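Observations on the model geometry
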Amino acid sequence: MIAIGTIRSPYGEKFAIPRQPGLAPEALGYCDLTGEFGVAETVRGLNQFSHIWLIFQFHQTVAKGWQPLVRPPRLGGNKKVGVFASRSTFRPNGIGMSLVELVDVESLNIDGQPTNRLTLRGLDLVDGTPVLDIKPYLPYAEAITDAKAGYADEKPSGQLAVIWSQAALQGLTNKPSAQLPTLDIKVLIEQVLSQDPRPAYQAGKDSDRIYGVKLASMDVKFHFPAPTVVEVLSLVALC
Ligand code: SAM
């Protein structure tokens, strides 16, 4: 199998990425198709679709292999289900699939290479994720409104209130990045942190601990001063 393209995403690391696409709609990024997949013919007609499936490799975990049983975060991290009853990244072949909004399709020349650049909204993938295939989303076949989803029946709503220190507000910039579409970093941080990125076993036991995450080329520091509150402490631009 070969990669047909690469994800450019505001998520500089796995930690804090929402567990499914669409939970942080401000997570805008690109899928760049290059080489033989960068010619305009491969995406002819794609702009007629509002959403696409990305089939990709969990490249940061694939080498760690898989287990028949996994602990989904939705079950608090202490109950096990079969790997095929989960969306765990640790699975045979390390293949993932995400349904994302397709904002734009452009055929460009980037650094002398023909490149099809897809602008995407609501990504749940780390920067640099290799994309194996793309397919248009077909609502008539794939939108099943009365489907059952077991332990994942409910959409996880943003559960935490996000507050900002003065220092963090001063660190805010919306300097456009050449690597990413224009996005509102404050909105993105609030959407991401309100989902509570901590592992289930740490939630509520760590009011003193300071966490850090790389988001949209910023080093974001935050902590949890109360069980349902996350405070952004500082933002520093990464070089
Ligand atoms: N929507 C996809 C699916 O169902 O196959 C992905 C779901 S998976 C639970 C989402 C998590 O994968 C994110 O929270 C992030 O921690 C992790 N992740 C994202 N990109 C990754 C990558 N390239 N390699 C390994 N893990 C990744």
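These numbers were taken from a predicted model, which means no experiment stands behind them. (Residues numbered from 1 in each chain as written. Predicted model: local features only at pLDDT ≥ 70, side-chain atom pairs only at ≥ 80, totals over all residues.)

Here we come to the overall build of the protein. A tally of regular secondary structure across the protein gives three helices and twelve strands. Whereas a compact globule of 239 residues would reach a radius of gyration of roughly 18 Å, the protein reaches 19 Å, a difference of no more than 12%. The principal-axis extent of the C-alpha atoms belonging to the protein is close to 55 × 45 × 35 Å. Counted over contacts in the protein with a minimum sequence separation of 6, partners at least 24 positions apart contribute 72%. (Helix = DSSP H or I, 4+ residues; strand = E, 2+ residues; numbered from the N terminus. Rg over C-alpha atoms; globule rule 2.2 N^0.38 Å. Contact = placed C-beta atoms within 7 Å.)

Those residues of helix 3 (residues 185-193) not exposed but buried are I185, L188, I189, E190, V192 and L193. Looking at the buried side of helix 3, the elements it contacts are strand 9 (161-164), strand 10 (211-215), strand 11 (218-226) and strand 12 (229-237). (Buried ≥ 20, exposed ≤ 12 C-beta atoms within 10 Å, placed from the backbone.)

Judged by nonpolar contacts, the single largest core of 39 residues is most densely connected at C31, L120, L188, I189, L215 and V220. The greatest single-element share of this core, amounting to five residues, is contributed by helix 3. Both domains that furnish three or more residues to this core are identified here as domain 1 (5-152) and domain 2 (161-237). Apart from residues lying up to four places away in sequence, V220 is in contact with I189, G212, V213, L215, V232 and L235. (Core = buried A, V, L, I, M, F, W, Y, C linked by C-beta atoms within 7 Å. Domains from an automatic or database assignment.)

Here we take up unusual backbone geometry. A positive phi angle, near 80 degrees, is found at A16, a position not held by glycine. If you trace the backbone, A16 turns up in the loop between strand 1 (5-8) and strand 2 (28-33). A count of 22 C-beta atoms within 10 Å places A16 in the buried class. Positive phi, normally seen in glycine, also occurs at A216, with a value near 50 degrees. As for its position among the elements, A216 is in the loop between strand 10 and strand 11.

UniProt feature "domain: TsaA-like" (unreviewed entry): in the numbering of this structure it lies at residues 1-146. Taken end to end, residues 1-146 has its terminal C-alpha atoms 35 Å apart, with 3% of it in helix and 36% in strand. (UniProt positions renumbered as here; feature names shortened; annotations may be inferred.)

We now examine the sheet that holds strand 6 (residues 95-110). Pairing is antiparallel around the closed barrel formed by six strands, whose spatial order is 1-2-7-6-3-8. Between one strand axis and the next, the sheet turns by 45 degrees as a mean value, whatever way the strands run. In this sheet, strand 8 (residues 130-136) lies alongside strand 3 (residues 51-57) in antiparallel orientation, the contact comprising five bridges. Across the sheet, F56 pairs through a bridge with V131, a residue of strand 8. (Pairing = 2+ DSSP bridges. Axes fitted to C-alpha atoms, helices over the stretch in contact; angles between N-to-C directions.)

Here the focus is the sheet that holds strand 10. Taken together, the four strands give an open sheet; going across it, the order is 9-12-11-10, and neighbouring strands pair in mixed fashion. The strands lining the two open edges of the sheet, one partner per strand, are strand 9 and strand 10. Direction aside, the axes of adjacent strands within the sheet are offset by 35 degrees on average. Strand direction decides the pairing type here: strand 10 and strand 11, joined by five bridges, are antiparallel. Across the sheet, residue G212 finds its bridge partner in strand 11, namely K221.

Turning our attention to the pairing of strand 7 (residues 113-121). As paired elements, strand 2 and strand 7 share six bridges and run antiparallel to each other. Residue pairing across strands places G29 opposite L120, the latter belonging to strand 7.

Among the secondary structure elements, P197 is positioned in the loop between helix 3 and strand 10. For the pair P197 and R19, spaced 178 residues apart in the sequence, the C-alpha separation amounts to 9.2 Å. With sequence-adjacent residues up to four places away left out, P197 is seen in contact with F15, A16 and V192.

This part is about the domain arrangement of the protein. Once the domains are mapped, the protein shows domain 1 (5-152) and domain 2 (161-237). Taking the mean C-alpha position of each, domain 1 and domain 2 sit 23 Å from one another. If you look at the interface, domain 1 gives 20 residues, while domain 2 gives 18 residues.

In this section: the environment of P225. With respect to the helices and strands, the residue P225 is situated in strand 11. For P225, a count of 12 C-beta atoms within 10 Å translates into the label exposed. With 15 residues separating them in the primary sequence, P225 and I210 have C-alpha atoms 10 Å apart. Among residues more than four places away in sequence, those in contact with P225 are S207 and E231.

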